[in-house]
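# Topology and contacts: notes
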Amino acid sequence: MFRNSSLRRLPIFLILCATGATGQDQTEAPCSDPDYRHGISYVEPLKYDADFEHFSYSNPDAPKGGMIRFPALGTWDNFNGILNKGRLVAGYDLGGANALVYDRLLEGSADENASAYGRLAEGIAVEENFAWVAFKLRKNAYWHDGTPLDASDVVWTFNTYLTEGSLTLRTGLQELDRVFEFGDQEVCFVTKTDVEVSPNIPFTYGGLAILPEHYWKDHDITKTTQEPPLGSGPYKAGDLAFGKNIYYERVPDYWGRDLPVNRGRYNFEKVKFDYFLDETVMLEAHKAHVYDMREETVSKNWTTGYDFDALHAGLFRKELRYLKRAWGMWWPAFWNVRNPKFQDIRIREALFLLYDFKWINRVILFGFYDYGDSYFYNSPMAQSGLPSEDEIRLLEPFRDQIPERVYTHEFKHPPSTGYGSNRESMKRALELFDEAGWQLKRGKLRHKETNEQFHIDFVFVSAMLLRAKSPYIRRLNQAGISTSALAPEVSNWQHRMRTGKFDGGGYIWIPGNMPGFDLRNRFGSEAADQDYGLNWAGIKSPVVDYLIEQVIKARTARDLYAATRALDRVLLWNFYMIPGMGQPGFRLVSWDKFGEVDPSVSGPLSRVPAIDAWWWDEEKAQRVETGIAALSDSSQASTTDSSESANP
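Residues numbered from 1 in each chain as written. Predicted model: local features only at pLDDT ≥ 70, side-chain atom pairs only at ≥ 80, totals over all residues. Heavy atoms only, no water.

So, on to the confidence of the model for the chain. Of the residues in the chain, 94% have a pLDDT of 70 or more, and the chain-wide mean is 90. Counting contacts from residues 1-26, a segment whose pLDDT is below 50, to residues more than four positions away or on other chains yields 63 contacts. (pLDDT = per-residue confidence, 0-100. Contact = heavy atoms within 4.5 Å.)

Our focus in this paragraph is the nonpolar core. Core analysis: the biggest nonpolar cluster contains 192 residues, and Phe158 and Phe189 have the highest contact counts within it. Examining the composition of this core, we find that nine residues originate from one element, helix 20 (residues 557-573), more than from any other. Here phenylalanine 189 is in contact with Cys31, Leu105, Ala131, Trp132, Val133, Phe135, Val154, Phe158, Leu176, Arg178, Val179 and Tyr205, once residues within four sequence places are set aside. Ranked by size, the runner-up nonpolar core spans eight residues in total, among them Cys31, Ala131, Phe182 and Val190. (Core = buried A, V, L, I, M, F, W, Y, C linked by side-chain atoms within 4.5 Å. Buried < 20%, exposed > 50% of the residue type's maximum accessible area, 1.4 Å probe, protein only. Helix = DSSP H or I, 4+ residues; strand = E, 2+ residues; numbered from the N terminus.)

Our focus in this paragraph is the packing of helix 19 (residues 542-552) against helix 20. Where helix 19 meets helix 20, the closest approach of the two axes is 8 Å, and the angle between their N-to-C directions is 160°. The angle between helix 19 and helix 20 places the two elements in the roughly antiparallel class. Handedness of the crossing formed by helix 19 with helix 20: left-handed. Counting all contacts with helix 19, which are made through Val543, Val544, Leu547, Ile548, Gln550 and Val551, the residues of helix 20 involved are Leu560, Ala563, Thr564, Ala566, Leu567, Val570 and Leu571. (Axes fitted to C-alpha atoms, helices over the stretch in contact; angles between N-to-C directions. Parallel < 35°, antiparallel > 145°, perpendicular 65-115°, else oblique. Left-handed = near helix turned anticlockwise from the far one by under 90°.)

In this section: the state of the cysteines. Within the structure shown, the criterion is met by one disulfide. The side chain of cysteine 31 participates in a disulfide bridge whose partner is cysteine 188; the two sulfur atoms lie 1.9 Å from each other. With the S-S dihedral at roughly 85°, the linkage between cysteine 31 and cysteine 188 falls on the right-handed side. Of this pair, cysteine 31 sits in the loop between helix 2 (12-19) and strand 1 (39-41) while cysteine 188 sits in strand 8 (residues 186-191); the two residues are 157 residues apart in sequence, bridging distant segments of the chain. Taking relative accessible area as the criterion, cysteine 31 reaches 4% and is therefore assigned buried. (Disulfide = S-S within 2.5 Å.)

Pasting the structure below:
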């Protein structure tokens, strides 16, 4: 693979452009004579060369020690992450920054759009048409019990994902035909010949946790477990209170600690996750120094909830950070279109017209949000203006199946000044309801034939989200729609979303830079029919399915953006969801106890790498402890003085 040295320096994406490859070449045996590289990229060239020593956002001289504490909402009851059952505890994730216990073949970098470098694998080779992907494993990796981690673990892991994994896992791996060992600690992933392949394939294989075959031989991986499974990563489970909190302890002899992708990372001696059933309690616990860092997701709290002495004394940080990432849909209202009444696009548009984002943002959300008018908000994948010629070419075969306004109108929220109600939007909404067979009678919207009142049962993830949607619910009531709304315990909410036991809800979707497979899971017709799938809205559209496939098989930036923007327009103009809040950045709130690489030095990142790249700063931590004690003494003295003044 990539024998031409000039091609070898290019990312996969550019190599495909140069060769014009469109299909798989099966003339050679899979993974024959692989030409391994230290990393892979998509769209842009790799930032780091083969001799890089560490990521720019990690400090190779960072001290090891201390503890960082994070909150989580709800509870947990499971350590087995391959299943849909139960709720997985934070830290046992199968991928991403919270994957503390397991290793993966590749490590993504937070300062590039879509690049990954060897972690368990010292090299990766990709056949130019994605017919196969090969990884060469490092020979010094081992599990926490001292057993070597080898190619057989990789093969067993992916075979298990395919046979026993959740719908999300199996959907993400549906292009995989088989996986086998070969050569000297090498693994070959073979792509099916009858599928459209995606440049996301090697990132998918490389980003998933590798599990210990020898451990699971004596345990049932098809069931949830209350026993922390064996890992190989930088941390292992320590003390825990089941369902309430868990500590992770740094593994001092972690085999991968000196790898370039890990150097200067995983610095804390302990990582703790505390679970809270209520966001208000979570906020007060933060100010009481029960935990250290989080992203504030409630605009009211961000605006009014942190006016306390520690912030004014400089002991506590409150900072809005720009992130170089697609923010996507941030808790829009959405409909369960399995319900017959929501299958009518006129109904969905009428419900959209009743949502006054400007008023809600000004009055309820403290003006914090931008208008997030895209499923790919804050990225070049998002639609804007009218469709381009490239988009129209994709959409034209379906002109009779999609709203005409996709071609003729820019998508915008209903007109609003942000002050008072929009009577024209209400009038148009009632007209649409009437066309769909629902008529306003004596203040109630009733079906013309059955006399049934239009009812919507909302289920939200938290009381804070319910509060944010309450003005919209009142507006629905004004239109004669009866509503019920609740925010149950998080696990119950998740179960109801997964099983379709709701009419309307709130949904968050943050796309990656290669969103194809996740698009299938979230919006594809096949996922809508799967129990415990992620297509909670139940969207089933051949146009959406077609455009998702165009995203997946895109080989140039031009093709990718045309496909995502066309898909964006079709989803928006079908009103499956009501876009609203657009994130202006990451709302960082943290006790100022930690060190980090200056963001102005590292450059913009796709995430805040607190868990894996910050470190314990003893001087800062001591200042916080001393400062908190001084504030407490001052508060007690003030209380005593007030008491004495009141009782001379």
